Amino acid sequence: MRAFATFLCFILCSAALQAQERRQSHCIALAEATPGLEYLQQASWQDPVAEDSVQIRYIAHASFLLRTEGGLNVVTDFTGFTGAAPMIPDVVTMNHAHETHWTAHPDPAIPHVLEGWGPFGAGIEHHLDLGEMLIRNVPTDIRNMFGGVEARGNSIFVFEAAGLCIGHLGHLHHVPTPEQYAALGRLDVVMAAVDGGITLPLDQMLEVLGRLRSSVIIPMHWFSDYSLQSFLSRIGPEFDVVDEGNSELSVSLRSLPGRPTIHVLRPKYLLDGE
């Protein structure tokens, strides 16, 4: 009887400990696909985030709001403005390709400001563990306005939460190297610039997306419906397309589509009371 009680305590204590930890993603160790999963669910940016999910809101250009079940708010490619809602993010990430991807004056109330660059040519390394979310980066090179290249001058940011691995390619200027692909791991969701020239030519971006094989691809950095449609017309039959005119979605491991899907979101600033 005593042995059974000890065993029961071990099981209960182990379960309690696991409940306090972040659900591990499969960025590096790819989980087996599970058939019969539900599809992506739409949500308002202020709604409670569903269990084991991440809510994604397209704000503008290359800025997205990522929210977790526990209430973390993370904004990518932060420019200093997210809309009229009085929301102070817990974390912002930035790239310095040009001024629509960063700000020199982030609100000092923001606890974590992660720049995607460091000293010239040296880059920067981030590994921010917030318990519910792990944020890391993979440095990439960037072209400068004079035609040269700054090594490790920008970053791809990766967000691991709710068992998901979410990547924001930033202002990507070259196809990643094998080492960079390996550092990224398996991305379940990826935000990709599809302007077709200011970042990567469409042929190269399609090569990147084909290599990543992410379940959900969210186009960003498109300047008009024409440039968006140019991308969509080139993606090929191996990708499904969902375009319902929404600005946000909630995604979880159980909601990932069974084949790579382009999920078009329409940018919309955050509004109070929305």
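Please refer to the structure placed before this passage.
Calculation rules
- All chains use their own residue numbering, which begins from 1 and follows the written sequence.
- Since the coordinates come from a predicted model, pLDDT governs what is reported: local features require at least 70, and pairs of side-chain atoms require 80 or more to be given and counted, while whole-chain, interface and lining totals use all residues.
- Just so you know, side-chain values use all the structure's heavy atoms and leave hydrogens and water out.
- Side-chain rings of Phe, Tyr and Trp, where Trp is taken by its six-membered ring, are said to pair if the distance between their centres is within 6.5 Å; with planes under 30 degrees apart they count as stacked, over 60 as edge-to-face, and otherwise as tilted.
- Between buried and exposed lies partly exposed: a residue is buried under 20% and exposed over 50% of the maximum accessible area for its type, with that area taken using a 1.4 Å probe on protein chains only.
- Numbering goes from the N terminus for both helices and strands, where a helix is a DSSP run of H or I of at least four residues and a strand is a run of E of at least two.
- A positively charged side chain is recorded as over a ring if its NZ (Lys) or CZ (Arg) lies within 6 Å of the ring centre. The angle to the ring normal must also be within 35 degrees.
- When DSSP finds two or more bridges between a pair of strands, those strands are recorded as paired.
- This arc corresponds to the set of directions leading from the helix axis out to the C-beta atoms.
- Cysteine sulfur atoms that come within 2.5 Å of each other are treated as a disulfide pair.
- The handedness rule is simple: strands pointing away from the viewer, and a clockwise path from the first strand over the helix to the second, make the crossover right-handed.

> Lay out the packing of aromatic side chains with the relevant residues and their values.
Under the definition given, this model contains 3 aromatic pairs. Between the aromatic rings of Tyr58 and Phe64, the centroid separation amounts to 4.5 Å while the plane-to-plane angle is 10 degrees, which identifies the pairing as stacked. Residues Tyr58 and Phe64 agree in their burial class; the two are buried. Centre to centre, the rings of Trp102 and Trp117 are 5.7 Å apart; their planes meet at 80 degrees, and the pair counts as edge-to-face. Of this pair, Trp102 sits in the loop between β4 (91–94) and β5 (112–115) while Trp117 sits in the loop between β5 and β6 (127–129), and the two are 15 residues apart along the sequence. Its end group placed over the ring of Tyr181, Arg211 keeps NZ or CZ at 4.1 Å from the ring centre.

> Go over the pairing of strand β14 (residues 261–264) with me, naming the residues and quoting the values.
Regular strands have side chains that alternate between both faces of the sheet. Burial along β14 is two-sided: Thr261 and His263 facing one way and Ile262 and Val264 facing the other are all buried. The sheet contact formed by strand β11 (residues 216–220) and β14 spans 2 bridges and is parallel. Counterpart to Ile217 in the pairing with β14 is Ile262.

> So what about helix α4 (residues 225–232)? Which residues, and what values?
Within α4, the full set of buried residues consists of Ser227, Leu228, Phe231 and Leu232. The buried residues of α4 occupy an angular sector of 140 degrees when projected down its axis, which confines them to one face.

> Give me the lowdown on the state of the cysteines, citing residues and values where you can.
Overall, the coordinates contain 1 disulfide when judged by the stated rule. Covalent S-S linkage joins Cys27 and Cys165, the inter-sulfur distance amounting to 1.7 Å. Measuring the twist about the S-S bond at about 110 degrees, one finds the Cys27-Cys165 disulfide to be right-handed. Taken together, the positions of Cys27 in the loop between α1 (2–19) and β1 (53–60) and Cys165 in strand β9 (residues 164–168) put the pair 138 residues apart, joining distant regions of the chain. Here Cys165 falls in the buried class, since its relative accessible area comes to 0%.

> Residue-level account of the pairing of β9, with values.
Of all 5 residues that make up β9, 5 are buried, and the element is covered over most of its length. The hairpin turn running from strand β8 (residues 149–161) into β9, its antiparallel successor, is 2 residues long, and Ala162 in that turn takes a positive phi close to 55 degrees. With 3 bridges connecting them, β9 and strand β10 (residues 189–193) associate as parallel partners. The partner of Ile166 across the bridge, within β10, is Val189. With helix α2 (residues 178–184) bridging β9 and the parallel β10, this β-α-β connection has right-handed handedness.

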